[in-house]
Amino acid sequence: MAMSSTEHDELREQAELYVLGALTPADRDAFETHVASCADCAAHVKSLAPVIQALAHTAPQHEPSPALRTRVLGSIPGSPVQTAPISPSVGRPPRGFVPWLAAAASLVLAAALGVYALSLRSRIGALELRLQEATDRAAAGERQLAEVRRVAGDAQSQLAVLVAPDVLRIDLAGQPTAPQASARAFWSRSRGLVFTASNLPAVPPGKTYQIWVLTKQAAPISAGLFKPDPQGRVAAVFETPLDLPQPVGMAVTIELNGGVPAPTGDKYLVGL
Ligand SMILES: [Zn+2]
């Protein structure tokens, strides 16, 4: 019977199942018929003999029937077990048992470890994914909490300034650079400065609005930096030094990011 090499390889791969007695009777018969005329497969089965020999000792509850074992081992030309068949495993194992046991055990162990490692890897992958999700959620929660605290703290500070007994109000008007803009400042020596504005132009990249307190001194005093939201609005609270000279007015200019010690840019808002 002609046989392609693929067909032969498939048949040859049944050798392990064959020596373990795991083939169906029909497959077993077909395999045995083939082994009888194929030196390659016969050699392969012979190379597996130590495994079944070890299994015969290590797993007596699954021991192949004596008939099967005799057939398997007897089918191997020149097999030593033909002249010294395995005796039922009672008493001490025969000489040479341990290396075969080790070989069989390491085969079984390697297969079991392979499956175990695979399932462990997929479980770890799933756990890592869930940990990442939980970490992301926690980080998002912390960011939201920090934002809520910041907004609440801001509102509290603004309210404290607005209700301060020493509060001073200064209205600022848009200048030719921003005719639509307007602002209102509330200043309390003890509680700081609340600054609200609307209709401010967006600041160019690398620039910031800077608030100046005008006093009887010649030099304006910086009170803080801000950038309006996309609608041109701002509501911010700034601490001011307790010894700030009495303000007589305020101004807002556009300056380089980080601010400058003295105003250099165009005035956008002025109030006296
Ligand atoms: Zn073959």
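Residues numbered from 1 in each chain as written. Predicted model: local features only at pLDDT ≥ 70, side-chain atom pairs only at ≥ 80, totals over all residues. Heavy atoms only, no water.

**What about the overall build of the protein chain?**
Rules: Strands here mean DSSP runs of E at least two residues long; helices mean DSSP runs of H or I at least four residues long; both are numbered from the N terminus. Exposed residues in this analysis have more than 50% of their type's maximum accessible area, buried residues have under 20%, and partly exposed residues fall in between, with area computed by a 1.4 Å probe over protein chains only. Only heavy atoms matter for contacts: two residues are in contact if any of them lie within 4.5 Å across the pair. Methods summary: accessible areas were calculated by the Shrake-Rupley approach with a probe of 1.4 Å, and residue burial reflects only the protein chains presented.
A count of helical and extended segments in the protein chain gives seven helices and eight strands. Taken across its 272 residues, the protein chain has 31% of its residues classed as buried. Residue pairs in contact within the protein chain that sit at least 24 positions apart in sequence constitute 62% of those at least 6 positions apart. Counting every atom, the protein chain has about 16,900 Å² of accessible surface; 61% of that belongs to carbon and sulfur.

**Some thoughts on the sheet that holds strand β1 (residues 168-174)**
Basically, it comes down to this: Pairs of strands are assigned from DSSP output, requiring at least two bridges between the strands. Axes here mean lines fitted to C-alpha atoms, for a helix over just the part in contact, with angles spanning 0 to 180 degrees between N-to-C directions.
The strand order β5-β4-β7-β8-β1-β2-β3-β6 describes an open sheet built from eight strands, whose pairing is antiparallel. Only two strands of the sheet have a single neighbouring strand rather than two, namely β5 (221-226) and β6 (234-238). Taken over all neighbouring pairs, the strand axes of this sheet differ in orientation by 20° on average, direction set aside. Where strand β3 (residues 192-198) and β6 come together, five bridges link them in antiparallel fashion. Across the sheet, the residue bridging to T196 is A235, located in β6.

**What to know about the coordination of the zinc ion**
Selection criterion: Here a donor is an N, O or S atom found within 2.8 Å of the metal, or within 3.2 Å if the metal is Na, K or Ca; sites may look incomplete because water is not among the atoms. For a four-donor site, all angles between 85 and 135 degrees give tetrahedral; for four or six donors, opposite pairs above 155 degrees with the remaining angles between 65 and 115 give square planar or octahedral; all remaining cases count as irregular.
The zinc ion binds to the protein through H8 (NE2), H34 (NE2), C38 (SG) and C41 (SG), with metal-donor distances spanning 2.0 to 2.2 Å. Between the four donor atoms coordinating the zinc ion, the angles at the centre fall across 103 to 118°, so the site counts as tetrahedral. Binding-site remark: the zinc ion is held by donors from one chain whose sequence spacing is H-x25-H-x3-C-x2-C. With H8 in helix α1 (residues 5-12) and H34 in helix α3 (residues 25-37), this pair connects stretches of sequence that are 26 residues apart.

**Remarks on the nonpolar core**
Heads up, the condition is: The term nonpolar core refers to a set of buried residues drawn from Ala, Val, Leu, Ile, Met, Phe, Trp, Tyr and Cys, joined through side-chain atoms within 4.5 Å.
If you look at the biggest cluster of nonpolar residues, it comprises 26 residues, and the most contacted ones within it are L172, F195, I211, F226 and L269. Elements supplying a minimum of two residues to this core: β1, β2 (182-188), β3, β4 (207-214), β5, β6, β7 (249-256) and β8 (267-271). In this structure, I211 is in contact with L193, F195, I221, S222, A223, G224, F226, F238, M250, A251 and V252, ignoring residues within four places of it in sequence. The next biggest cluster of nonpolar side chains, apart from the first, holds twelve residues, and it includes Y18, V19, F31 and V35.

**Digging into α3**
Inclusion rule: To estimate the expected span of a helix, count its residues, drop one, and scale the result by 1.5 Å. Taking the helix axis as origin, the arc is that swept by the directions to the C-beta atoms.
Relative to the 18 Å expected for 13 residues at 1.5 Å per residue, α3 spans 19 Å between its end C-alpha atoms, a close match to the ideal helical length. Taken as a whole, α3 has its buried residues at F31, E32, H34 and V35. Along the axis of α3, the buried positions cluster into a sector of 165°, meaning they face one direction only. Looking at α3, the residues exposed on the side facing more than 90 degrees away from the buried face are P25, A26, T33, A36 and S37.

**As for the side chain of T215**
Assignment of secondary structure puts T215 in the loop between β4 and β5. Since its relative accessible area comes to 8%, T215 is described here as buried. T215 has contacts with I221, P245, Q246, P247 and V248, leaving out every residue within four places of it along the chain.

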